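Okay, here's what each chain looks like letter by letter:
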Amino acid sequence: MIQAVDLTKTFHPPRGKPVEAVRAVNFEVAPGEVYGLLGPNGAGKTSLLRMLGTIITPTSGHCAVGGLSSVDDPVGVRRRVGFMSGNTKLYRRLSGRETLRYFGRLHGIADDALATRIDELIAAFDLTDFIDRRCDSYSTGQMQRVSIARVMLHDPPVLILDEPTLGLDIMSSRTMLDFVGQARDRGTAVIFSTHYMTEAELLCDRIGFLYAGRLLAEGTTDQLYAQTGATNLKDAFLSMADAADAEAAR
Amino acid sequence: MNLRTIRTIAFKELLETLRDKRTLMAMIGIPLILYPLILLVGTQAIVYRQGKTDRETSRVVLAQGVPAQVVAWLGEDEKIEVVQGDETAAAQGLADKTFDVVLRPGDTEDRDTHATVLEDGGTLPLTLEFDSTIPRSAAARGRIALRLHDAADALVSKRLNDAGVPPALIQPLDLQRSDLAPPKKRAGNLLGNALPMLMIMMLGLGAFYPAVDLTAGEKERGTFETLLATPTSRREIVWGKFFAVVGMSLATGLLNLGSMAITLWFQLKQLTAAGPQAAGAVDLAALSITPLEVGLILLILVPLAVLISAAMMSLALMAREFKEASNYISPFFLAIMLPALLVSVAGVELTGATVFAPIANAALLFKGLLMDTATGVQVFGVFMSTACYALLALQVAVWMFSREDVVLAEEKGLPLTLKRSQFVPRDRPTAGISIAAFAIALLLFFYVGTWAQARELISGLVITQWGILLPVAVGLLWFVRVDLVTALRLRLPRPMAFVGAAMMALGSVVLVQQLTFWMSEYLIETPEAFSQGMTPLLAHPGSIPTLLWIFFAVAVSPAICEEVLFRGAILSGLESKLKPLAAITVTAVLFGLFHIYLHRVPPTTLLGLAITWVAWRSGSLWPAVLYHLINNGLAVLVVREVIPATWFGQKELPGGAVELGYPLGWLAMALVLFVAGITAVQTLGSRNPENR
């Protein structure tokens, strides 16, 4: 469902040397699979997911969602993707319902169908109490739930979630993780980045270690433990990162 | 582009903007409440002040030695009252308002003569002391000076009469002044100095906040990525946001204009009621504007609002946050006020290059419309150039939005770098690049080309073609890494394309020429300025080097350079966006508009249609070059009298008059030739099998 082939992104800052944020990354995510992207800050997770979501274009290599190339048909890709990150906030001066209506229309959903869909989502994510208030009055948890509803408007076969639990309290985190689990059960392909190891262990079918722009390793937790001889994800990741650093120093 | 998407974005942006108190205050609060309040309170104050001063008496203290005659004169005005006061401390008395003015005899050596100097036919020196910053004192000064002048005038008449001298002796001239400017023009001139600047300020003010809020504000609030993740194109996002900004800009401009007009009208009524001198010498009430003029003002306001809004949006987008964006836009805001200020500078008129000076041209035209002096050519020129700048600004905005380093800027400061390496190599330019090529070429043509041609026509034409059009077209395509051979259609066509193009050219020369005759007879006359500008083409008759030089400048150069720009860069870009018919039509219209003079636009557009079709159908630029060369070349040969003018439909009648027009037979033959040429290109000269 999601495919990345030699995906590379180089940034040219106005001052200083070019930055290779993502270097020749290859992986695939199947329908009904949750793929966890693990890595420290600055590893290139956000750039990688932004390329998958066609927010930015790859410098070289290519990626595809549902068979559509993100370079040739970015709009088609965005139709199939639900994209959420720390930077996909809500419009404060709109109510939750207006927000959903706005994004529903941008997804090309007809007005009648859209009204029905919004009612379904309000029921599904328990938004009734606050949906007609402005978003600037929401708590973090309420904002999170409306954001999830926003992502689900067009019932996407692919979810791209960039650190969706960052800064959330325990209850809101649980809502998020439950949501990801349910999406997987419905056959959605989910890729989600985090630097919380326990979250990844709990939820992901397969995990990729991203470090300094490279995909160091990928596999199930057991495979990753076997490769490194570690007994938890944190140790497995650290030993691979150390090995990569040692190789780069040579 | 999807219209529903653009509308959805525009409506949402408007809704959100209108929900912001700051915007509401700036847009609706100021025009609807503040103006009337300030102006009306101001008027009331003036009327009140005027009435109060009129009712108050002027208290004058007379110093020692003012003759009784003067006292008697002052006594004739019942609003002048002689009071007692300490004239040695005049300044203090004025400040304390115990009296208003002090009148004292001037310093002459013999004060005793003061009493009799008036009877003796001499001059009495007098000093009037007052304080100009105290309204009552200033009013007293005016009243007493007037009274004494009247009295002095009467005394002069009496003295002349006593001496038996006719009054005409001291009045050799009786000059009457008569202002022939109609009241509307005078009022328009007065109002025209201030109103355009206000108008441009209001458009800018209306665009300012939304332009920042919808770009940098959206970045700051972290909602931009949410929008970018939706299945909308960047162009749709720009247009949606842009419509919202333009809407706010225009709404603010019009609300302000309307509110000002109503307030002004109300104020004038009050002032007129308070007395004619309060309303001023110019009768502003004479200022009536016809619906046509309102329409024309709106016609200019729209592209002006587009230009200002698009430029502000592009600037604001470079910032990462609201405050930074305000810092970028503020200087721009001041910069657009400067040309508007130019209007009030005496002597700046809407002719020549000023027609193309952005902002200033609109301000000048606005004033011209108020004064009833604007011409159709001015309206057309200002609209065209403003629309051109607006399109360019909009194109820049789209380009900015498609740059991820700008849209997702996480580093502070201007992220703008323009490197050739950031462009992806491609076969054909995008439509945006084409429009940019046209706009840049047009602007350089306005500023550099027209200047060079005004200096010396022939070399100016060569400079325009080889120094502007060709480098702009080729340079821009090269810079954005477009394959020049494909985009400019430099491959050779099938041979019959040349034959067909030549036949079409020979036919269309006659047909287009005939159209020009009809147009000049029934529609638009050739402007004198244009005909006069062309006279250098007739210089040095019979000289072969001159003929060759002119042929190179007028026929060869445009055939190559204009073709590379229009049938190369512009057509190939438009083709990537539009259906062939639409791309050809738009190219032809742009080609026509490029010929600036209104009378030349229709024939050159038609000609452009034919040439563009040839280039498209044959898949090659070269038949189009040949077509253009034949068309222009024949004209040069006729003007230089190498071939007889009768071939160009000009028959010299006995007596020197010239009859214009072709015989019907010629026209029929030309039509047949033209159609045959089309058929040849269509069938045997086509290189695009996929276009069949």
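This write-up is about the structure you can find in this document. The model shown is predicted, which means the values in this text are computed figures rather than measured ones.

Looking now at the overall build of chain A. Per the secondary structure count, chain A includes nine helices and 10 strands. Relative to its length of 250 residues, chain A is compact, with a C-alpha radius of gyration of 19 Å against a globular reference of 18 Å. Taking the principal axes of the C-alpha coordinates as reference, chain A spans close to 60 × 40 × 35 Å. Burial status across chain A gives 53% buried among its 250 residues. Taking contacts inside chain A between residues at least 6 apart in sequence as the whole, the part at least 24 apart equals 67%. As presented, chain A carries roughly 10,900 Å² of accessible surface, and 49% of it is formed by carbon and sulfur atoms. Seen as two clouds, the 27 positive and the 30 negative side-chain charges of chain A have centres 8 Å apart.

For the structure shown, the criterion picks out 24 aromatic pairs over all chains. Considering the side-chain rings of B:Trp466 and B:Phe552, the 6.1 Å spacing of their centres and the 5° angle between planes classify their relative orientation as stacked. Residue B:Trp466 is found in helix α17 (residues 457–479), and its partner B:Phe552 is found in helix α21 (residues 544–575); the two are separated by 86 residues along the sequence. We classify B:Trp466 as partly exposed; its relative accessible area is 32%. Given the relative accessible area of 31%, B:Phe552 is considered partly exposed. Among the aromatic residues, those joined into a ring-pair cluster are B:Phe438, B:Phe445, B:Phe566, B:Phe591 and B:Phe594. Over the ring of A:Phe103 we find A:Arg150; its NZ or CZ atom is 5.6 Å from the centre of that ring.

On the basis of which strands lie adjacent, the open sheet formed by four strands has the order β2-β1-β4-β5 (chain A) and antiparallel pairing. Looking along the sheet, the strands with just one partner apiece sit at the ends: β2 (19–29) and β5 (68–69) of chain A.

Turning our attention to the interface of chain B and chain A. Size of an interface: often given as the accessible area lost when the parts come together. Listed per partner, the contact involves 34 residues of chain B and 36 residues of chain A. Buried area between chain B and chain A, both sides added, is near 3,200 Å², and the carbon and sulfur share of it is 51%. Inspection of the chain B/chain A interface yields five salt bridges. The closest approach of N and O atoms between B:Asp213 and A:Arg93, which form a salt bridge, is 2.7 Å. Summed over the shared surface of chain B and chain A, the number is 15 residue pairs in polar contact (both at pLDDT 80 or more). Among the secondary structure elements, those contributing two or more residues to the side of chain B that touches chain A are α1 (3–18), α7 (183–220) and α8 (224–228) of chain B. In terms of residue count, α1(B) provides more of the side of chain B that touches chain A than any other element does, eight residues in total. Residue classes in the side of chain B that touches chain A are distributed as 10 nonpolar, 10 polar and 14 charged.

Glancing now at the sheet that holds strand β1 (residues 58–62) of chain B. Residue and element names in this part refer to chain B. Taking strand neighbours across the sheet as the criterion, the four strands line up as β2-β1-β3-β4 in an open arrangement whose pairing is mixed. Strands with a single pairing partner mark the edges of an open sheet, and in this sheet they are β2 (80–83) and β4 (126–129). Put simply, the sheet's adjacent strands are angled 30° from each other on average, direction ignored. Both β1 and strand β3 (residues 101–105) contribute to a ladder of three bridges, which runs parallel.

A few words now on helix α4 (residues 111–124) of chain A. All names here are of chain A. With 14 residues, α4 extends 20 Å from end C-alpha to end C-alpha; this agrees with the ideal 20 Å at 1.5 Å per step. Every buried residue of α4 is listed here: Leu114, Arg117, Ile118, Leu121 and Ile122. The arc that holds the buried residues of α4, viewed along the axis, is 140°, so those residues lie on one side. Relative to its buried face, α4 has exposed residues pointing more than 90 degrees away, namely Asp112, Ala123 and Ala124. Residues of α4 that are buried in the fold lie against α3 (96–106) and α5 (140–152).

What follows covers the pairing of strand β1 (residues 2–11) of chain A. All names here are of chain A. The pairing of β1 with β2 spans seven bridges and is classified as antiparallel. Note that in β2 the partner of lysine 9 across the bridge is valine 22. By the bridge criterion, five bridges tie β1 to strand β4 (residues 60–65) in an arrangement that is antiparallel. Considered in β4, the bridge of isoleucine 2 is made with valine 65.

To continue, consider the environment of B:Ala187. All names here are of chain B. Along the chain, alanine 187 falls in helix α7. On the accessibility criterion, alanine 187 (0% relative accessible area) is buried. For the pair formed by alanine 187 and methionine 371, sequence separation is 184 residues and the distance between their alpha carbons is 7.4 Å.

Bringing the environment of A:Arg93 into the picture now. Mapped onto the elements, A:Arg93 comes out in the loop between β6 (81–84) and α3. Residue class for A:Arg93 comes out buried when judged on its relative accessible area of 10%. Considered as a pair, A:Arg93 and A:Gly44 are 49 residues apart in the sequence and their alpha carbons are 32 Å apart. Here A:Arg93 is in contact with A:Arg134, B:Glu16, B:Thr17, B:Arg19, B:Asp20, B:Tyr209 and B:Asp213, once residues within four sequence places are set aside.

Next up on the list: the nonpolar core. Counting residues in hydrophobic clusters, the biggest one holds 202 residues, and the most contacted among them are A:Phe27, A:Leu52, A:Phe209, A:Leu233, B:Ile308 and B:Tyr627. Top element by residues in this core is helix α11 (residues 291–317) of chain B. It accounts for 14 residues. Counting contributing residues per domain, this core is built from domain 1 (3–44 + 180–349 + 363–380 + 403–414) and domain 3 (457–691) of chain B, each supplying no fewer than three. If near-sequence neighbours (up to four positions away) are discounted, A:Leu52 is found in contact with A:Ile2, A:Leu7, A:Phe27, A:Cys63, A:Val65, A:Val77, A:Ile160 and A:Ile191. By size, the runner-up hydrophobic cluster in this structure holds 16 residues, among which are B:Val70, B:Trp73, B:Ala151 and B:Leu155.

Cut-offs and rules
Residues numbered from 1 in each chain as written. Chains lettered and ligands numbered in written order. Predicted model: local features only at pLDDT ≥ 70, side-chain atom pairs only at ≥ 80, totals over all residues. Heavy atoms only, no water. Helix = DSSP H or I, 4+ residues; strand = E, 2+ residues; numbered from the N terminus. Rg over C-alpha atoms; globule rule 2.2 N^0.38 Å. Buried < 20%, exposed > 50% of the residue type's maximum accessible area, 1.4 Å probe, protein only. Contact = heavy atoms within 4.5 Å. Areas by Shrake-Rupley, 256 points an atom, 1.4 Å probe, with all protein chains shown as cover. Lys, Arg positive; Asp, Glu negative; His and termini not counted. Charge placed at Lys NZ, Arg CZ, Asp CG, Glu CD. Phe/Tyr/Trp six-rings, centres within 6.5 Å; stacked < 30°, edge-to-face > 60°. Lys NZ or Arg CZ within 6 Å of the ring centre and 35° of its normal. Pairing = 2+ DSSP bridges. Buried area = accessible area lost by both parts, 1.4 Å probe. Salt bridge = Lys/Arg side-chain N within 4 Å of Asp/Glu carboxyl O. Polar contact = N/O pair within 3.5 Å; in protein donor to acceptor, adjacent residues only side chain to side chain. Nonpolar A, V, L, I, M, F, W, Y, C, P; charged D, E, K, R; others polar. Axes fitted to C-alpha atoms, helices over the stretch in contact; angles between N-to-C directions. Expected span 1.5 Å × (residues − 1). Arc of directions from axis to C-beta. Core = buried A, V, L, I, M, F, W, Y, C linked by side-chain atoms within 4.5 Å. Domains from an automatic or database assignment.

Nothing here speaks to function; it is all geometry.
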